[in-house]
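Residues per chain are reported as follows:
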Amino acid sequence: LAVSFLNVEGVQNRRTDRPVRLLGLVVRPIIHCLRICLVAVCFLVGLRSAEEVPLPDLERPVMDQTGTLTDSEIQSLESKILALQNDQGSQIGILIIPTLDGIPIEDFSIRLADKWKLGRKGVDDGVIIIVAKNDRTMRIEVGYGLEGPIPDAKANRIVELIIAPRFKQGEFYEGLDAGLDAII
């Protein structure tokens, strides 16, 4: 018997003399099951990947895991961050990591904000600048207490108009310093 896509040729229905559509009845449930399995595998791979990028502990205001910034540049950024913290109480953290291994930066930044808990308790006035250097992506995550003065649109403009152009020129310290000035 020759098999076509939707029916089995040569097999006839006894009452109507039409080809019997057996293959379509068998293939559709199989394709449906394969789609479900594919979605489940993608979901599980995504969960596993999210767990593979460890969330660093907050050891200091500026954490560069890529060696991009010099010690004096880190100290300069940290002194600006600590001055803000002493004057207004708001806290800022900067994290530069090599890669997120395909994890969306939005997901990583929320998990990091939950772990670091920057900002004053009850005020939630913390900000995290996350740079995934090799992925060429960055984000400013703003606590609820600062969403009035720094809404998402302003945070995105700071990234796109102030930090990113300097990064493209290889001026990482200058980009972060100017971004801090725009936030402060």
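For the structure itself, look to the data block above.
Residues numbered from 1 in each chain as written. Predicted model: local features only at pLDDT ≥ 70, side-chain atom pairs only at ≥ 80, totals over all residues. Heavy atoms only, no water.

Draft legend 1. Up close: the side chain of serine 109. Its place among the elements puts serine 109 in helix α3 (residues 105-116). When sequence neighbours within four positions are dropped, the list of residues in contact with serine 109 reads Ile130, Arg139 and Glu141. (Helix = DSSP H or I, 4+ residues; strand = E, 2+ residues; numbered from the N terminus. Contact = heavy atoms within 4.5 Å.)

Draft legend 2. Summary view of the pairing of strand β6 (residues 137-142). Sheet topology note: the strand β5 (residues 126-132)/β6 ladder contains six bridges and is antiparallel. Counted as the bridge partner of alanine 132 is threonine 137 from β6. What sits between β5 and β6 in their antiparallel hairpin is a turn of four residues, with arginine 136 showing a positive phi close to 55°. (Pairing = 2+ DSSP bridges.)

Draft legend 3. The sheet that holds strand β4 (residues 91-97), seen in detail. Strand order in the open sheet formed by four strands is β3-β4-β5-β6, with mixed pairing between adjacent strands. On the outer flanks of this sheet lie β3 (62-64) and β6, each paired with one strand and no other. Averaged over all neighbouring strand pairs, the angle between strand axes comes to 10°, with direction disregarded. The sheet strands contacting α3 are β3, β4, β5 and β6, and the helix crosses β6 at an angle near 45°. (Axes fitted to C-alpha atoms, helices over the stretch in contact; angles between N-to-C directions.)

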